[in-house]
Every structure is written in structure tokens, then in C-alpha cells.
Amino acid sequence: MDSISKSVVKLDHGPKVRGEALYAPDHPMEGVLHGKLLRSDRAYARLLSVQVPELPEGYVFADWRDVPGENVVLLILEDTPVFATDTVEFLGDPIGIVAGPNEAVVDQILSKIQVEYEDLPPVLDPETSETIFFDYSHQQGDVDQAFAQADRIYEETFRTGYQEHGYLETNGLTAIPSDGKLTVHGSIQCPYYVHKALKKALGVEHEAVQVIQDVTGGGFGGKEDYPSILACQVAVAALKAGRPVRTIYSRREDMAYTSKRHPSRSRYKVAVKDGRVTAMDIDILYNAGAYTTMSMVVLQRGVICANGVYHIPNLRVRGRSAKTNTVPNGAFRGFGAPQTFFSAEMIMAHIATDLGIDPLTFKEAHVARHGDPTSTGGKYHFPVPLLEMSEKLTREVDYWNKRKEYDTQSGRYRRGIGFSFSFHGAGFTGSGERDIIKAVAALQKYPDGKVEILTAGTEMGQGLLTTFAKIVAKELHLPLNQIIIALPDTDRVPDSGPTVASRSVMVVGELLRRAAARLKAEWVDGEAQRFEEKFQEPDFVIPFNIETFQGDAYPTYSWGAHCVELEIDTFTGEHKVLGAWGCYDVGTPIDMTVIVGQMEGGLLQGIGYSHMEQMVCDRRGCIRSNSYSDYTMPTSADVPNMGVMIHVEEYPEGPYGAKGAGELPIVGIPGAYISALEQALGADVHHIPFSMEDTLSKWTEVQTL
Ligand code: MTE
Ligand code: MOS
């Protein structure tokens, strides 16, 4: 094992296990007002009037009239308002905020505010929506000709549901106004996103805003855009009150009104000739919710991944993201890819079964190889180790014997074993790193020889503080305790970009390694020295064009192969996961425990997505599953027998050969899970989550055929 992979005790381990770490709600409340949002209770309506009762001394109500800059939350586009003005666009849309010293009094005030609406007909089904936020298409080869020459044509439609992030602590922030400056600290994934949004909403200069990350217990994409929205609201209240204001969501509020994974519908039409897939024509629809937030980039990834890991010579993909009057959906680990990877894996498995070929054999015959073109006419520049990985994994889990054994079963309990492949494009999609993010990272050496890491990277449990420190320590040949790294504060750190797209180690970690190499070469004892590195796109990259969707969408890829083994109870519909395994190539693991932890966590989150996690939006556009008793996520009691294998293909542009890791494991699990379920049921499945109830009704349907 490469020495950097050897695990160390995580740098943030001590304060977390001792209970000393201060998460957003743990900071002292002295002198801080409680802020709570007034929300629309209609999915779509004209806002006629808001009548606020007379407020007791020390309490404030703020709405769009109090926004000092523009009433807009700058995310990617600028359609999300800080507070609703003329209309409310989803049930929960913030109209105003009440802040004051006593939480119970704040609640009373909220309950007395009268909002007058004129109801408008909401659009809840993306299929009937006339507002398409984003519409992307790309094409390779001659799709029509391939269909004209096909032996067989398959058409199937797949659906995926919502998924809730379920981080440890809910969204929560404190805004502190002081002379000419506003400081916001809280549970944040991307401090500079919050910073940019605040500047716009408050209409102030860079220096007037400071954003600091509090200890954060998980974001999973759910704290990527949302804190920007909440920060603007809390900041407006704090400025009006002239006092610090803190808003910490209840779990119900967080589940019902903050972003989730986009539900999707994907229609696949596939041409097969001489036992091979020759063309795919794919139509994708994502439910964006009421505002665009992150939908643009989420859809891009979904569209790029629609053919899975397979080399399909003739490919046409169209993807749309439709507005509905529901809670805006956003980033979630995998970022639009899990939806289409599930569909791609299932259609490949279904075609194989129809052709009388084992799904894995059929998939192996179609996987992309090193040097092949990608779905967007880019290139797989580095080795594609999928076949080695499937070989390792199937041997380890005895896939072939089990697959054969489970083909003939009887009795109440039925078993299945399923396999899937996936990748995750490492870093921002397209030219994002080069044109939008333009990351900068710095190292500050102090006269005593200690070196501080300065980036905007956030620790969310994925081990970033530890992996960054290890990279710098190794390059400088210093012991780890000579490296200083803290949670980011925009007053102190350069903008190294958001902590998303599994980019931190590969992109920012490499900038740190380079800065460290320069510091080492120019080290002067007893002096303060500072080195900065800026992102540069590697030379080999075929520039991506967002208009034509052509070029390298990613410089390189992390790879995954997964197996899930299931037993279902045909009397109750219950699923028992007998085992879940993955073989992953994330380049050089910067810390083995961190990487195995990431993979196991993602496996489990993927099992939740495939089966357990049902989120229901009712006919009023109201998210009903707004508590952990209504929305069941895997707990420690649901952790199955899990196995993680690591395969290493070093990436020359990543630090010590590392690529992105964090999101990869969740992307492929649904394909393996549902394939196992299909074998147990003896029937095809076209949606996730596939619940106990779904299992029972499918079983009944199969038995009565
Ligand atoms: N792991 C933990 N424990 N907590 C998290 O919030 N977020 C995931 C993944 N793994 C997350 C996690 C997501 S969505 C991303 S994009 C990556 O971590 C981000 O971290 P990285 O850039 O350091 O890989
Ligand atoms: Mo991760 S969904 O890119 O925050």
C-alpha cells in the first residue's frame, strides 16, 4: 500500500467524540434572537396581503421590502427570491421572517400573521409542466440509421423518486451584524456560495460579508445551495433587528422545505443488432420544483451519464428539467447521475435477459475501454478497469454460482443477486473548473515552521481536513502535527471553490500539493512564507463546449462495480439484504479508512434510495414524509454484511494519483439492488424506491399471470 493511504486518526475525531465540537445549534444563544420563517401554505397563489399584528418590544418582522440589495438569491441563475413578492410558487415558499428573544413568542406572532392569497392552479406533475427550465441534447453517430437496421428494438421507461439527505443537523445559521460588516456562521458546504449570495442580496462589497463554517454533520449536497437562501433571509432579519439572529430548522421544516434529489422519468429506446446494442435514444425528465437552484448542473450530469459505462456508437440524449410548484430540488450525492445510471443498468439487464444472455456477460461486452470516445465525444484518456473489477468482485462474492443457484427456487423466501457498473466524472462538469470555479488554494508558513492550509474546503464527515493535511505533510516531509487546518472563514481563505462534485482531493488537494512542493523548494527557516496555486486545466483535456455538449465533460473518472444479494419474504414483501459489495477505483486512496468509510456510507445510502426511502408529495404539493418515522432511512440496524474492495488506477494530475471518491458509491447501487430483486421476484422492475408494498403487489401480479 502506498504510504499516504495508511490511515491516521482523523484530525477532527477528538472534539467530535468528546462532544466538544460546536455544530450550528450548539453556539451560545446569549444576545441572539430566534428567527423563524413565515411560509406559504399554498403551492401556487397570488400574494394579496400580509397582515402582521403589532409586535412586542424587541421583535421584528422582515420581508422582501427589507432586503437592502436585490431580492434575489444568487445561485446559478437569479430566479430564487429572498422572500416572495407577488406570488408564492410552492408550499413552504418563504414570505417573511420573525425574529425575537423568546422562541415561543416568535411562534405566537407567526400564528397570528394573516396572509391573504388568491389561489392559482399549481402544476405538480413535470409531464404537464409548460415551463422547461433547461433542455439539453447531444448526439453521436447516426441513430436513425442504427434503428432502421436493428434486429430488435426495446422501449422502456424508468422512474426514480425523491431522496432526502438526512444529515445529522438540520440547516441552521447565525447572522451577526456589526459596524459595516455582517458575519454569518453555520452549517455550510460552500462558504463562498453563501458569500456571493449575501453580497448581492445585501448590495454590499466583498469585505462587508464574512462567512464561516461551523462544524457540519453532513451535507451530501443538501447544504450546497440551501444555506445561500437561508443566509440571505437570516441576514435581512439581523440587519433589521440590529442584533444577531439564528435560525435552526426543525427536522420537519428541513425535510418538507429544503432541497432533495430530483425525481426523474427516463424513456429508453434501444437498438440491438447481432446481439449488440448499436444505438440508444434517451429522453429524460427531471422534476426541478419551483426555482432553478442547482437543476441546471444536476441535469447536465444526468444527461452525460445516460448511457452508463457503455460504449454506444450511436447515441441521442435529450434531457429536460421542468418547473413544478413543489419544493426546489437540488444537489444530492451523485448529482443527477444516480437517476440515469439506474435506468441504463436496468435496460441493459432487461435486454440481456430477453436475449437469453446473463446480464453481467452482456454488460461486460459493452463497457467502454481506455481510449474510447465518451458520450459527448470526449475520450477515456486513462485505463478503464471495469473488467478487472468485475472479475475481482464476482470471485469474492461467488456471484456466478449464486446467480445460477437462485435461478430455480421455491417457497416463501426468494433470493437474488445483482450486479451493476458505474463511474463518477471527477470534478465539475464541463469547463466549470476552468471557466467558473477557477480555484485558488494557499499555504501559509509561519516563522515557527508550522504550515497552515488555506482553502474554502469544508469538512462534512468526508475527511477533508485529514486528507488535505496528509497531502501537505507528505509533500513537505513534515509530521502531521506541524500542519494547521481549520474550518473555512472567507476573511482568511482564498476561494478554492465549493466542496462538491467530489472535487476537493483531486482538484484542491493537487493545488495544495503543488504549493507545498514550491514551499519545500524555497523554504527559509524562521521566516513567514506564503504560496498560492491556481487551477489550470490539464493539457490533454478536449475542451468541453456547453452549447454543443461536445468534448471531455470530465478529465477522468472513478469507477465502481457493485453486487447486492437479497432475500425477499413473499408473504410480507420484506427485503433482507444478505450482502452489499463494491469494488472501487478512486485512484490512490489518500487515507484508507476515509475511503472505505465513504464507500460503505454510500452503499448504505444507495440501499435506502433503492428500497426504503419513500418521500410522498400530496395533491396540495405538500411533502408528507417530513419526519424520520414517515421517511425511513437505513439506520445502524439496517447495515448489511458489506465489503469494499479497492482497485487503484493512479491519476497523474491528482495528488499522489488520487481521483474523486465521495459520490461514487451511491451512483451504482440501485442497479445492483434492483437486479437482485428482479431475480428474486422473477419479474422486471422499473422504478425506485421499490417498497415492501411494491414487492408484494408485484409478487401477486407475477403469481396470477
Ligand atoms: N460524506 C460524508 N460523511 N458527509 C457528506 O456530507 N457528501 C458527499 C461526499 N461524501 C458527504 C460525504 C458529497 S455530495 C460530495 S460532493 C463529496 O463528499 C464532497 O467531498 P469531497 O469533495 O471532499 O469528496
Ligand atoms: Mo455533492 S451532490 O456534489 O455536494
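Calculation notes
Residues numbered from 1 in each chain as written. Chains lettered and ligands numbered in written order. Predicted model: local features only at pLDDT ≥ 70, side-chain atom pairs only at ≥ 80, totals over all residues. Heavy atoms only, no water. Salt bridge = Lys/Arg side-chain N within 4 Å of Asp/Glu carboxyl O. Buried < 20%, exposed > 50% of the residue type's maximum accessible area, 1.4 Å probe, protein only. Helix = DSSP H or I, 4+ residues; strand = E, 2+ residues; numbered from the N terminus. Polar contact = N/O pair within 3.5 Å; in protein donor to acceptor, adjacent residues only side chain to side chain. Contact = heavy atoms within 4.5 Å. Domains from an automatic or database assignment. Buried area = accessible area lost by both parts, 1.4 Å probe. Near = heavy atom within 4 Å. Areas by Shrake-Rupley, 256 points an atom, 1.4 Å probe, with all protein chains shown as cover. Nonpolar A, V, L, I, M, F, W, Y, C, P; charged D, E, K, R; others polar. Pairing = 2+ DSSP bridges. Axes fitted to C-alpha atoms, helices over the stretch in contact; angles between N-to-C directions. Expected span 1.5 Å × (residues − 1). Bend = angle between axes of the 7 residues up to and from the residue.

Some points on the pattern of salt bridges
Inspection of every chain in the model, using the stated rule, returns 45 salt bridges. For arginine 42, the salt bridge identified is with aspartate 41, shortest N-O distance 3.1 Å. Among the residues examined, aspartate 41 registers a relative accessible area of 39% and is labelled partly exposed. Between glutamate 169 and lysine 223 there is a salt bridge; the shortest N-O distance is 3.6 Å. Placement of the pair is glutamate 169 in the loop between strand 8 (152-160) and strand 9 (172-178) and lysine 223 in the loop between strand 11 (209-213) and helix 5 (226-241), with a sequence separation of 54 residues. You'll find glutamate 169 and lysine 223 in the same group, each marked buried. Each of Glu475, Glu510, Arg513, Arg514 and Glu653 takes part in one network of salt bridges that share partners.

Structural notes on the side chain of asparagine 626
Tracing the chain through its elements places asparagine 626 in the loop between helix 15 (592-612) and strand 23 (642-646). Of note is the side chain of asparagine 626, whose polar atom sits 2.8 Å from the side chain of arginine 252. Those residues in contact with asparagine 626 that sit more than four places away from it in its chain are Arg251, Arg252, Met255 and Ala256.

Notes on the domain arrangement of the protein
If you check the domain split of the protein, you get domain 1 (29-121 + 175-248), domain 2 (336-429 + 550-704) and domain 3 (432-534). Inter-centroid distance (C-alpha atoms) of domain 2 to domain 3 is 34 Å. Listed by partner, the interface residues are 22 residues for domain 2 and 22 residues for domain 3. The junction of domain 2 with domain 3 conceals about 1,700 Å² of combined surface from both sides, 65% of it contributed by carbon and sulfur atoms. At the surface where domain 2 touches domain 3, the tally comes to 2 salt bridges. We note a salt bridge from arginine 514 to glutamate 653, for which the minimum N-O separation is 3.4 Å.

Topic: the site of ligand 1
Around ligand 1, the surrounding shell holds 17 residues, and the nearest of these are Gly219, Phe220, Met460, Ser504 and Gln598. At 2.7 Å from an oxygen atom of ligand 1 is found a main-chain nitrogen or oxygen belonging to glycine 219. Glycine 461 has a polar backbone atom sitting 3.4 Å from a nitrogen atom of ligand 1. Bound to the protein, ligand 1 loses 92% of the 520 Å² it would expose on its own. A per-class count over the shell around ligand 1 returns 4 nonpolar, 10 polar and 3 charged.

Comments concerning the sheet that holds strand 9
With mixed pairing, the 7 strands of this open sheet are ordered in space as 3-5-1-12-9-10-11. The open sheet has two edge strands, strand 3 (60-63) and strand 11, and neither has a second partner. The mean inter-strand angle of the sheet, taken between neighbouring strand axes irrespective of direction, is 25°. In the sheet, strand 9 pairs with strand 10 (residues 181-186) via 6 bridges, with the strands oriented antiparallel. Its bridge partner lying in strand 10, leucine 173 is registered against glycine 186. Contacts from helix 4 (residues 191-202) reach strand 10 and strand 11 within the one sheet, and its direction differs from that of strand 11 by about 150°.

Section: helix 14 (residues 504-521)
With 18 residues, helix 14 should reach 26 Å at 1.5 Å per residue; the first-to-last C-alpha distance of 24 Å fits that figure. At glutamate 510, helix 14 shows its largest kink, close to 25°. Every buried residue belonging to helix 14 is among Ser504, Val505, Met506, Val507, Val508, Gly509, Glu510, Leu511, Leu512, Ala515, Ala516 and Leu519, and all of these are buried. Packed against the buried residues of helix 14 are helix 12 (432-437), strand 17 (440-445), strand 18 (451-454), helix 13 (464-476) and strand 20 (529-534).

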